[in-house]
Amino acid sequence: MKHLLSAVLLALSSPALAADPAQLSDTEIAHVAYTADNIDIRYAHLALAISDNPEVRQFARTMISDHEAVNAAALELLDKLGAQATDNFLSQKLNEDAEDIIDLLSQLRGAEFDLAYAENELGYHQAVNDLVETTFIPNIDNAEVKALFEQGLEIFKVHEGHAENMVAALK
Ligand SMILES: [Fe+2]
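What comes next concerns the included structure. Worth saying up front: this structure is predicted, and the values here are computed from it rather than measured.

### Some remarks on the overall build of the protein
Assigned secondary structure in the protein consists of 6 helices and 0 strands. Taken from the N to the C terminus, the helices and strands of the protein come in the order α-α-α-α-α-α. Every one of the 171 residues in the protein was classed for burial, and the buried ones make up 47%. Restricting to contacts in the protein with at least 6 residues of sequence separation, those with at least 24 account for 83%. When the accessible area of the protein is evaluated, it comes to approximately 8,600 Å², of which 53% is carbon and sulfur surface.

### Description of the pattern of salt bridges
All chains considered together, the criterion is met by 5 salt bridges. A salt bridge links Glu 99 to Arg 42; its shortest N-O distance comes to 3.0 Å. Taken together, the residues Glu 99 in helix α4 (residues 89–105) and Arg 42 in helix α2 (residues 26–50) connect sequence positions 57 residues apart. Lys 171 serves as the salt-bridge partner of Glu 119, at 3.6 Å between the closest nitrogen and oxygen.

### Description of the coordination of the iron ion
Protein coordination at the iron ion: the donors are Asp 40 (OD), Met 63 (SD), His 67 (NE2), His 125 (NE2) and His 159 (ND1), at 2.0 to 2.5 Å from the metal. Along the chain, the residues that donate to the iron ion are spaced as D-x22-M-x3-H-x57-H-x33-H. One end of the pair, Asp 40, is in helix α2; the other, His 125, is in helix α5 (residues 110–139), with 85 residues separating them in the sequence. You'll find Asp 40 and His 125 in the same group, each marked buried.

### Let's talk about the packing of aromatic side chains
Enumeration according to the criterion identifies 4 aromatic pairs in this entry. Here the aromatic rings of Phe 113 and Tyr 117 are separated by 5.9 Å at their centres, their planes lie at 10 degrees, and the arrangement is stacked. Highlighted residues: Phe 113 and Tyr 117, both in helix α5, separated by 4 residues, approximately one helical turn. Residue Phe 113 shares its accessibility class with Tyr 117, and that shared class is buried.

### Some points on the environment of Glu 150
Its location among the elements puts Glu 150 in helix α6 (residues 143–170). Between the C-alpha atom of Glu 150 and that of Ile 137, which follows or precedes it by 13 residues, the distance is 7.3 Å.

### Describing empty space enclosed by the protein
Per the counting criterion, the structure on display carries 1 cavity of 30 Å³ or more. Taken as a whole, the largest cavity encloses approximately 330 Å³ of empty space. Along its surface, the largest cavity is lined by 28 residues, and Ala 33, Tyr 34, Asp 37, Val 70 and Phe 149 are the ones closest to its centre. Only α2, α3 (54–81), α5 and α6 provide two or more residues apiece to the lining of the largest cavity.

### A few points about α4
Taking 1.5 Å per residue as the helical rise, α4 with its 17 residues ought to reach 24 Å, and the 24 Å between its terminal C-alpha atoms agrees with that figure. Of all the positions in α4, only Leu 90, Ser 91, Leu 94, Asp 97, Ala 98, Ile 101, Ile 102 and Leu 105 are classed as buried. Projection of α4 onto a plane perpendicular to its axis shows the buried side chains occupying an angular sector of 140 degrees, all on one side. Between a side-chain oxygen at the N-terminus of α4 and the backbone nitrogen of Leu 90 the separation is 3.0 Å; the capping residue is Asn 88.

### Some thoughts on the packing of α3 against α6
Working note: a packed helix pair is described by the angle between its axes plus the distance between those axes. At a minimum axis separation of 11 Å, α3 and α6 run at an interaxial angle of 170 degrees. In terms of their interaxial angle, α3 and α6 are classed as roughly antiparallel. Among the residues making up the contact of α3 with α6, the classes are represented as 15 nonpolar, 4 polar and 4 charged.

### Quick notes on the side chain of Ser 51
Examined against the element boundaries, Ser 51 turns out to sit in the loop between α2 and α3. At 3.0 Å, the side chain of Ser 51 forms a polar contact with the backbone nitrogen of Asn 53.

Rules of the game
Residues numbered from 1 in each chain as written. Predicted model: local features only at pLDDT ≥ 70, side-chain atom pairs only at ≥ 80, totals over all residues. Heavy atoms only, no water. Helix = DSSP H or I, 4+ residues; strand = E, 2+ residues; numbered from the N terminus. Buried < 20%, exposed > 50% of the residue type's maximum accessible area, 1.4 Å probe, protein only. Contact = heavy atoms within 4.5 Å. Areas by Shrake-Rupley, 256 points an atom, 1.4 Å probe, with all protein chains shown as cover. Salt bridge = Lys/Arg side-chain N within 4 Å of Asp/Glu carboxyl O. Donors = N, O, S within 2.8 Å, 3.2 Å for Na, K, Ca; no water. Phe/Tyr/Trp six-rings, centres within 6.5 Å; stacked < 30°, edge-to-face > 60°. 1 Å grid on protein atoms, 1.4 Å probe; cavity = no way out; pocket = protein on both sides within 12 Å on 5 of 7 lines; lining within 4 Å. Points joined across faces, edges and corners; volume = space filled by probe spheres on them. Expected span 1.5 Å × (residues − 1). Arc of directions from axis to C-beta. Polar contact = N/O pair within 3.5 Å; in protein donor to acceptor, adjacent residues only side chain to side chain. Axes fitted to C-alpha atoms, helices over the stretch in contact; angles between N-to-C directions. Parallel < 35°, antiparallel > 145°, perpendicular 65-115°, else oblique. Nonpolar A, V, L, I, M, F, W, Y, C, P; charged D, E, K, R; others polar.

Quick look at the structure:
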């Protein structure tokens with residue numbers, strides 16, 4: 001689990017990535033964010049299907065409602081701008097990595113699942129928040145899109161803090 005996660009985090013931050021996240025257009029960045037939200041929603045549904053831990057289940061429910069709300073706001077803004085999110089290498093990479101992580105997580109049960117889910121949530125939010133803060137927000141051209149990402153980042157930093165507490169409590 002740890003090994004796979006570090007590989008994912010490395011892929012997100014590595015300059016050796018085949019293409020450069022800093023070169024993505026606004027609609028590609030929107031697609032990455034939409035994809036990242038949906039992945040966290042998928043992880044949360046898996047947690048609700050497997051975990052009996054009340055804190056883990058509450059965290060998962062918060063992920064579903066918060067990431068669904070951000071995605072709804074993003075779709076509304078794209079619609080208003082007459083734009084469509086554009087699929088790209090980074091969205092595809094995130095989806096591929098998520099498939100591997102879901103395969104691994106879905107084999108775990110009980111406390112082992114809870115800790116692995118919590119650690120994945122912590123690592124995932126750290127990696128995506130870092131990408132949003134240092135690469136996406138400085139490179140977004142449209143002011144309204146940028147504002148939406150800034151709002152989203154605030155919410156996701158709260159998630160990161162909750163995930164950190166959850167990991168500490170489960171260890
Ligand atoms: Fe989240």
